[in-house]
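Here's the letter readout for the chains.
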Amino acid sequence: MLAPQQILFDAGGGGGPWRLLRGLVRLDHVGRDGPLLVMLAEPGDWLGIDALAAQPHGWRATAITPVVLQGPLAPPDATQRATWLTEALLQLPERAHSMALLRTGSVRQRLAALLRLLARPDVLGEADGPLGLRRRLPPLRVLAELVDAKHETVCRVLAELLPRQPVQAAEVAGAVVQAAAA
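What counts as what
- Residues numbered from 1 in each chain as written.
- Predicted model: local features only at pLDDT ≥ 70, side-chain atom pairs only at ≥ 80, totals over all residues.
- Heavy atoms only, no water.
- Phe/Tyr/Trp six-rings, centres within 6.5 Å; stacked < 30°, edge-to-face > 60°.
- Buried < 20%, exposed > 50% of the residue type's maximum accessible area, 1.4 Å probe, protein only.
- Pairing = 2+ DSSP bridges.
- Helix = DSSP H or I, 4+ residues; strand = E, 2+ residues; numbered from the N terminus.
- Axes fitted to C-alpha atoms, helices over the stretch in contact; angles between N-to-C directions.
- Parallel < 35°, antiparallel > 145°, perpendicular 65-115°, else oblique.
- Contact = heavy atoms within 4.5 Å.
- Nonpolar A, V, L, I, M, F, W, Y, C, P; charged D, E, K, R; others polar.
- Salt bridge = Lys/Arg side-chain N within 4 Å of Asp/Glu carboxyl O.

### Concerning the packing of aromatic side chains
Under the defined criterion, the tally for this structure stands at 2 aromatic pairs. Aromatic pair Phe9 and Trp18: ring centres 5.7 Å apart, planes at 10°, arrangement stacked. By relative accessible area, which is 5% here, Phe9 ends up buried. Taking the centre distance of 4.8 Å and the plane angle of 40° together, the rings of Trp46 and Trp84 count as tilted.

### Notes on the sheet that holds strand E6 (residues 60–63)
Spatially, the 4 strands line up as an open sheet ordered E1-E6-E3-E4, and their pairing is antiparallel. Because the sheet does not close on itself, it has two edges, and the strands there are strand E1 (7–9) and strand E4 (34–41). Put simply, the sheet's adjacent strands are angled 35° from each other on average, direction ignored. For strand E3 (residues 25–31) and E6, the ladder comprises 4 bridges, and the chain directions are antiparallel. Looking at E6, one finds that Val25 is bridged to Ala63.

### Re unusual backbone geometry
Here the residue pair Gly16 and Pro17 is connected by a cis peptide bond, since its omega of 5° sits within 30 degrees of zero. Considering the arrangement of structural elements, one finds Pro17 in the loop between E1 and strand E2 (18–22). One non-glycine residue with positive phi stands out, namely Gln5, at about 75°. Following the sequence through the fold, Gln5 ends up in the segment before E1. Classification of Gln5 as partly exposed rests on a relative accessible area of 40%. A positive phi angle, close to 55°, is found at Ala54, a residue other than glycine. Positionally, Ala54 belongs in the loop between strand E5 (46–47) and E6.

### A look at the packing of helix H1 (residues 78–103) against helix H2 (residues 107–118)
Helix packing for two helices is described by the angle between their axes and how far apart those axes are. The N-to-C vectors of H1 and H2 enclose an angle of 135°; their axes lie 7 Å apart at closest approach. Accordingly, the angle class assigned to the pair H1 and H2 is oblique. Residues Leu101, Leu102 and Arg103 of H1 pack against Arg110, Ala113 and Leu114 of H2. Here the contact of H1 with H2 is composed, by residue class, of 4 nonpolar, no polar and 2 charged.

### Re the pattern of salt bridges
Taken as a whole and assessed by the stated rule, the structure comprises 13 salt bridges. Of the charged contacts in the structure, one is a salt bridge between Asp10 and Arg60, with a shortest N-O distance of 3.0 Å. Of this pair, Asp10 sits in the loop between E1 and E2 while Arg60 is found in strand E6, placing the two residues 50 residues apart along the sequence. Taking the relative accessible area as the measure of exposure, Asp10 reaches 32% and is therefore partly exposed. Between Arg103 and Asp148 there is a salt bridge whose closest N-O contact spans 3.9 Å.

### Considerations on the pairing of E2
For E2 and E5, the ladder comprises 2 bridges, and the chain directions are antiparallel. Bridge pairing links Arg19 to Trp46 in E5. Summarising the sheet, E2 and strand E7 (residues 68–70) pair through 3 bridges and their orientation is antiparallel. The residue bridging Arg19 from the neighbouring strand is Gln70, located in E7.

Here it is as structure tokens:
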């Protein structure tokens, strides 16, 4: 298990692969200007698959939420190694699409997409409605980084999408759906 902000592996390191069972992990390219978010790994995704090709990791992997992993795993044979590599390759277009949703459109649309992802039971667990989800969200700074917006803007939009006041769950769900459609 990894705690939020804990690093699973760094660029140039070894180890793995792992299967992400629960939570959300960010993969960053680390350059002179610091880390640059490239992709988010979701439950079911492979992490550290470079190890299957005897290569060092090209990214830094950091937990965003509490994370449960399976592994590091060792394939029993070449067939299993090829199967895992194929699975990892096939997950990439879906993750690229998920990143596009977090990086294009209005801040409201991007944040709504992120909230839908975080609200999944295999990411943050059962949330007990919008107020439960709000209590378990990553820090505002992290949310702002993920949707590439100023934290003040994310704070304002988050207050619209997940108000602190008890409201009907249907109203909040409707607001998130409307924001995604806009």
